[in-house]
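Remarks on the overall topology
For reference, the chains in residue letters:
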Amino acid sequence: MERVDKILASRTKFSRKDAKKLIGQGRVRLNEKLVSSPDEKIDLETDVLKLDGKALLLQKQLYLMMNKPAGVLSAARDPKQPTVLDLLPEQYRRSGLFPAGRLDKDTEGFVLITDDGEFAHRILSPKRHVPKTYYARINGPMTEQMIKAFADGVVLEDGSLCKPAQLSLLEDAAEPLCQVILTQGMYHQVKRMFVACDRRVVWLKRTAIGTLPLDPALKPGEVRKISDKEIRMLLDKI
Ligand code: URA
């Protein structure tokens, strides 16, 4: 919880002294109630603070979780094709946002969108080994040899050696559903790892970044804020 005058000063052009004056002039509302004292406390996660009737963006940096649909680019802007930023609802649009890491156009699932470059670097840097979890449907049986190959480090067709990865079976079917956990992000990596095992990925979805799972309530194309607590939990493990 933070003091209203402090937050007001840090999210507007006004000084702390001015913020106190604004409160005195009755121009500040907290959850629609007039703020009567500068030391009222505010919860940055849930409260709505308004100055002259306009809501202030309370979180300093924005962290969004999107369930990317297939057919959309995980790039900031593209002259011809729709991108994840084009899907953002009005309330989340602000300058400086970008997707932290890429999914292929036909891959679905968790894309983290932020304006915090430092944070993006931390979750993407190969040195940090932040695991990314994928669900993949493949075009033939998943075998014990494949589990071992993934655990040992798959050699891709171009000769590059992947770091050890976890492979497990979620659903046995003609096109089995597998879970893959990677700690690196080479181009088309999941697809290429399966190709090296004589399989083709027919459907791919990212379901978690580090300890943070994709919210199952998000339908394809939907987005929600990642809370400060979730961000702290994610960074805690890095
Ligand atoms: N691996 C892939 O092959 N594609 C993705 O989009 C992500 C990981």
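Secondary structure assignment for the protein yields six helices and 15 strands. For 238 residues, the compact-globule formula gives about 18 Å, and the C-alpha radius of gyration of the protein, at 22 Å, lies well above that figure. By residue count, 44% of the 238 residues in the protein fall in the buried class. A separation threshold of at least 6 residues defines the contact pool for the protein, and within that pool the share at least 24 residues apart is 61%. In the form shown here, the protein has an accessible surface area of approximately 12,900 Å², with 52% of it arising from carbon and sulfur atoms.

Next up on the list: the sheet that holds strand β6 (residues 54-55). Sheet architecture is open: four strands sit in the order β3-β2-β5-β6, paired in antiparallel fashion. At either margin of the open sheet sits one strand with a lone partner, and together these are β3 (33-34) and β6. Examined bridge by bridge, strand β2 (residues 28-30) and strand β5 (residues 49-51) share three bridges and lie antiparallel to one another. From the neighbouring strand, V28 faces β5, where its bridge partner is L51.

As a structural note, the neighbourhood of the ligand is formed by L103, D104, T107, Y134, H188, Q189, V190, K191 and L204. Within the contact set of the ligand, an oxygen atom lies 3.2 Å away from a backbone nitrogen or oxygen of H188. Between the ligand and the protein, one listed contact pairs a nitrogen atom with a backbone N or O atom of V190 at 3.1 Å. Broken down by element, the residue count for the shell around the ligand peaks at three residues, all from helix α5 (residues 189-196). Looking at the shell around the ligand residue by residue, the classes come out as four nonpolar, three polar and two charged.

Between side chains of opposite charge, a pair can form as their charged atoms come close. As enumerated under the stated definition, the model contains 14 salt bridges in all. A single salt-bridge network, built from bridges that share partners, covers R3, D5, R16 and K20.

On to the nonpolar core. The biggest cluster of nonpolar side chains holds 33 residues, and the ones touching the most others in it are I113, F150, V190 and F194. Only β7 (63-68), β9 (108-114), β10 (132-138), α4 (144-152), β12 (177-182), α5 and β13 (201-209) provide two or more residues apiece to this core. Discounting chain neighbours no more than four positions away, the residues touching V190 are Y134, A136, V180, L182, V201 and L204. One finds A100, I123, L214 and L218 within the second-largest nonpolar core, a separate group that totals 16 residues.

This paragraph deals with the side chain of N67. When you line up the elements, N67 lands in strand β7. Separated by 3.5 Å, the side chain of N67 and the backbone nitrogen of G109 make a polar contact. Within the structure, the side chain of N67 is placed 2.9 Å from the backbone oxygen of L218, a separation counted as a polar contact. When neighbours within four sequence positions are excluded, N67 is seen to be in contact with G109, K205, L214, L218, K219, P220, G221 and E222.

About the criteria used
Residues numbered from 1 in each chain as written. Predicted model: local features only at pLDDT ≥ 70, side-chain atom pairs only at ≥ 80, totals over all residues. Heavy atoms only, no water. Helix = DSSP H or I, 4+ residues; strand = E, 2+ residues; numbered from the N terminus. Rg over C-alpha atoms; globule rule 2.2 N^0.38 Å. Buried < 20%, exposed > 50% of the residue type's maximum accessible area, 1.4 Å probe, protein only. Contact = heavy atoms within 4.5 Å. Areas by Shrake-Rupley, 256 points an atom, 1.4 Å probe, with all protein chains shown as cover. Pairing = 2+ DSSP bridges. Near = heavy atom within 4 Å. Polar contact = N/O pair within 3.5 Å; in protein donor to acceptor, adjacent residues only side chain to side chain. Nonpolar A, V, L, I, M, F, W, Y, C, P; charged D, E, K, R; others polar. Salt bridge = Lys/Arg side-chain N within 4 Å of Asp/Glu carboxyl O. Core = buried A, V, L, I, M, F, W, Y, C linked by side-chain atoms within 4.5 Å.

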